[in-house]
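Chain and residue survey
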2 protein chains.
Amino acid sequence: MVVPIQRVAIVGGTHGGELTGVFLAKKFQQFPLKIQRNHVETITLLANEKAITMGTRYIDTDLNRAFNPQDLANPQLMNYEQSIAKNIARRIQQEKIDFIIDLHSTTANMGLTIILHNSHPYLLHLAAYLTQINPNVKVLQHPPDYNGSCLINLVELGITIEVGAIANGLLDAQLFQETEYLIHAILDYIAADKQGKPPIASENLTFYRIQKKVDYPRNKQGEIQAMIHPQLQFKDYKPLYPGNPMFITFDGKEIFYVGDSTAYPVFINEAAYYEKGIAMYLTQKEKYCF
Amino acid sequence: MVVPIQRVAIVGGTHGGELTGVFLAKKFQQFPLKIQRNHVETITLLANEKAITMGTRYIDTDLNRAFNPQDLANPQLMNYEQSIAKNIARRIQQEKIDFIIDLHSTTANMGLTIILHNSHPYLLHLAAYLTQINPNVKVLQHPPDYNGSCLINLVELGITIEVGAIANGLLDAQLFQETEYLIHAILDYIAADKQGKPPIASENLTFYRIQKKVDYPRNKQGEIQAMIHPQLQFKDYKPLYPGNPMFITFDGKEIFYVGDSTAYPVFINEAAYYEKGIAMYLTQKEKYCF
């Protein structure tokens, strides 16, 4: 399918401590020719500059939950991230960006994950292509509880890249290089498709659909009472069967998964999600046939 | 050697984002009997409460570089961490604490490391005992560039525990349990030694002595130009031979170790050390015979 994408934005540092995206964006700013393709122009953007300088996820509130259209239109919402969200939204519109690649990293062992925020056929074909050229790439449905408030929601077409496990505030050379390779593959696809030569993709696409979020066990004061079980730590995308251990309390008591079907947990033990009440998301593994 | 230790302090949260120590200290506060021994009383302390609440390493400056005696005596130094350093120093003195266990974690793959801030025979014997009961325990000399400015420097006798690899802002159940086990072993040793029954230790002690610190390659603006090489990432305490790769630039150029002898790097890719100009410390492996 030929989609006439003209202008792409690569965004790093939507979360300031996620350095893979920050340093890739800086590299592309230094060598802008690397991300140009025939008839497709690409700009780079460092989203949350203050948080990048501070080395934190955000200053006042999570920037990547500030792009809900109602919030963007609300002049009352003017803390730091709410203000820059309005600026970024304006810039994406002014620059006529029709595709965004938003770069993230996670402390969960998500490997090379691409997150799709809608089921546009173009994105499904692109995802199928990316998993075909690198079978390690996983495709995840956008968590529905984000409620359209992410930066990627500024455009219909785009990809959120989520790589891990990596701690905040540091670079991992292998993940850096794999993420860069993925970005080039996306740009190549866009350019080839535009010329009516879409790269051949497989006939189906395996993806993970989010079923529910699971919080840590907490006491009445909201303090967590248990940790991710060692047998589940770093086991993102691996099957979790009913009866398998999920948590272990500080006193060593095991807590088991009581669902009635196999789940595939993702975002297990993401540091930024402790405050959001998310220990992991449970997903269902599905196959989409073209 | 019988050393009449009366009162021990277990300190968590000297760095606010290092949750292993924070949650162990909270657990001990909830179940104080777990850390009492015959004739040895133990208190717990959450050092940097504001940073713990914020989930950051520190608020104004690194608390664990604020305990230099000159700085403690300087009434001009009154930012948040400088102030609480003075309070903590006063409390340690008032409570007549004669042994500190300071709990830290690191994004480097340091496993279970104990750091010795001096060569007191008591500490060497204790370290030998701990490595005997758990051969995974590594013993590291305190980095000399800390200049006596760490919390542990408030006392002659004490142990800094440094566990990893773990990202800031999250808990790893296995490292949590292993750290707790180590703390109990230290308390058991202190109590047994006090009663004239020191646990039997081996006749020698392998430890790592810091030779130098190595910074990331940087440009004139101080921006880093390379990452830890994938072959070195997570290889703390493993031999690094002259000619082995150390860094890789953002463009994929390898940078090699040019020393003239085998080094054993530690604190490789510690997130908090990017701002301190430390990509790793190179150590020498030594054996101390009693």
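Residues numbered from 1 in each chain as written. Chains lettered and ligands numbered in written order. Predicted model: local features only at pLDDT ≥ 70, side-chain atom pairs only at ≥ 80, totals over all residues. Heavy atoms only, no water.

Observations concerning the relation of the copies chain B and chain A
Each copy of the sequence occupies a distinct position, and chain B is placed on chain A by a rotation of 180° and an axial shift of 0.0 Å, giving an RMSD of 0.0 Å. Read as a symmetry element, the transformation amounts to a two-fold axis. No C-alpha of chain B lies nearer the rotation axis than that of B:Ala167, which sits 2.2 Å from it. Both copies share a contact surface, since 100% of the interface residues of chain B are interface residues in chain A too. (Least-squares fit on C-alpha atoms with pLDDT ≥ 70 in both. Contact = heavy atoms within 4.5 Å.)

Some thoughts on the layout of surface pockets
Residue and element names in this part refer to chain A. For the second largest pocket, the calculated volume is near 400 Å³. Put simply, the parts of the chain that give the lining of the second largest pocket at least two residues each are strand S4 (111-116) and helix H6 (173-194). The leading source of residues in the lining of the second largest pocket is H6, at three residues. (1 Å grid on protein atoms, 1.4 Å probe; cavity = no way out; pocket = protein on both sides within 12 Å on 5 of 7 lines; lining within 4 Å. Points joined across faces, edges and corners; volume = space filled by probe spheres on them. Helix = DSSP H or I, 4+ residues; strand = E, 2+ residues; numbered from the N terminus.)

Side note on the packing of helix H5 (residues 121-133) of chain B against helix H6 (residues 173-194) of chain B
A pair of packed helices can be characterised by two numbers: the angle between their axes and the separation between those axes. Residues and elements named next belong to chain B. Two elements in contact, H5 and H6, have axes separated by 11 Å at closest approach and are oriented at 130°. One way to sum up the angle between H5 and H6 is to call them oblique. Crossing of H5 against H6: the hand is right-handed. Facing H5, whose interface residues are Tyr 122, His 125, Leu 126, Tyr 129, Leu 130 and Ile 133, H6 presents Leu 182, Ala 185, Ile 186, Tyr 189, Ile 190 and Asp 193. (Axes fitted to C-alpha atoms, helices over the stretch in contact; angles between N-to-C directions. Parallel < 35°, antiparallel > 145°, perpendicular 65-115°, else oblique. Left-handed = near helix turned anticlockwise from the far one by under 90°.)

Concerning the pairing of strand S1 (residues 7-12) of chain A
If a strand is regular, its side chains alternate between the two faces of the sheet. All names here are of chain A. Across the six residues that make up S1, a large majority, six, are buried. Burial along S1 is two-sided: Arg 7, Ala 9 and Val 11 facing one way and Val 8, Ile 10 and Gly 12 facing the other are all buried. Here S1 runs beside strand S2 (residues 41-46); their pairing, made up of six bridges, is parallel. Each residue of the ladder has a partner; that of Ile 10, found in S2, is Thr 44. Crossover S1 to S2 through helix H1 (residues 19-30) is right-handed. (Buried < 20%, exposed > 50% of the residue type's maximum accessible area, 1.4 Å probe, protein only. Pairing = 2+ DSSP bridges. Right-handed = clockwise from strand over helix to strand, strands pointing away.)

So, the interface of chain B and chain A
Often, the extent of an interface is quoted as the loss of accessible area on bringing the components together. Counting residues at the interface gives 29 residues for chain B, matched by 29 residues for chain A. Taken together, the two surfaces of chain B and chain A that pack against each other cover about 2,300 Å², and 65% of this comes from carbon and sulfur. When residues of chain B are sorted by the area they lose upon contact with chain A, B:Leu171, B:Met227 and B:Phe250 head the list and together hold 22% of the total. On inspection of chain B and its partner chain A, the count reaches four salt bridges. (Buried area = accessible area lost by both parts, 1.4 Å probe. Salt bridge = Lys/Arg side-chain N within 4 Å of Asp/Glu carboxyl O.)

Observations regarding the nonpolar core
Core analysis: the biggest nonpolar cluster contains 142 residues, and A:Phe99 and B:Phe99 have the highest contact counts within it. Core analysis: the second largest hydrophobic core is formed by 36 residues, B:Leu45, B:Phe67, B:Ile88 and B:Tyr146 among them. (Core = buried A, V, L, I, M, F, W, Y, C linked by side-chain atoms within 4.5 Å.)

Quick look at empty space enclosed by the protein
Under the defined criterion, the tally for this structure stands at two cavities of 30 Å³ or more. Residue lining of the largest cavity: 19 residues in total, with A:Asn64, A:His104, A:Tyr146, A:Glu162 and A:Tyr273 positioned closest to the centre. When residues of the lining of the largest cavity are traced back to their parent elements, those giving at least two are strand S3 (99-105) and strand S6 (158-164) of chain A. A total of three residues in the lining of the largest cavity trace back to one element, the largest contributor, which is S3(A). When residues of the lining of the largest cavity are assigned to domains, at least three fall in each of domain 1 (7-202) and domain 2 (211-283) of chain A. The volume enclosed by the second largest cavity comes to roughly 100 Å³. Lining the second largest cavity we find 17 residues, and of these B:Asn64, B:His104, B:Tyr146, B:Glu162 and B:Tyr273 sit closest to its centre. Elements that contribute at least two residues to the lining of the second largest cavity include exactly strand S3 (99-105) and strand S6 (158-164) of chain B. Here the lining of the second largest cavity is built from residues that sort into five nonpolar, seven polar and five charged. Two domains share the lining of the second largest cavity, each providing at least three of its residues, namely domain 1 (7-202) and domain 2 (209-289) of chain B. (Domains from an automatic or database assignment. Nonpolar A, V, L, I, M, F, W, Y, C, P; charged D, E, K, R; others polar.)

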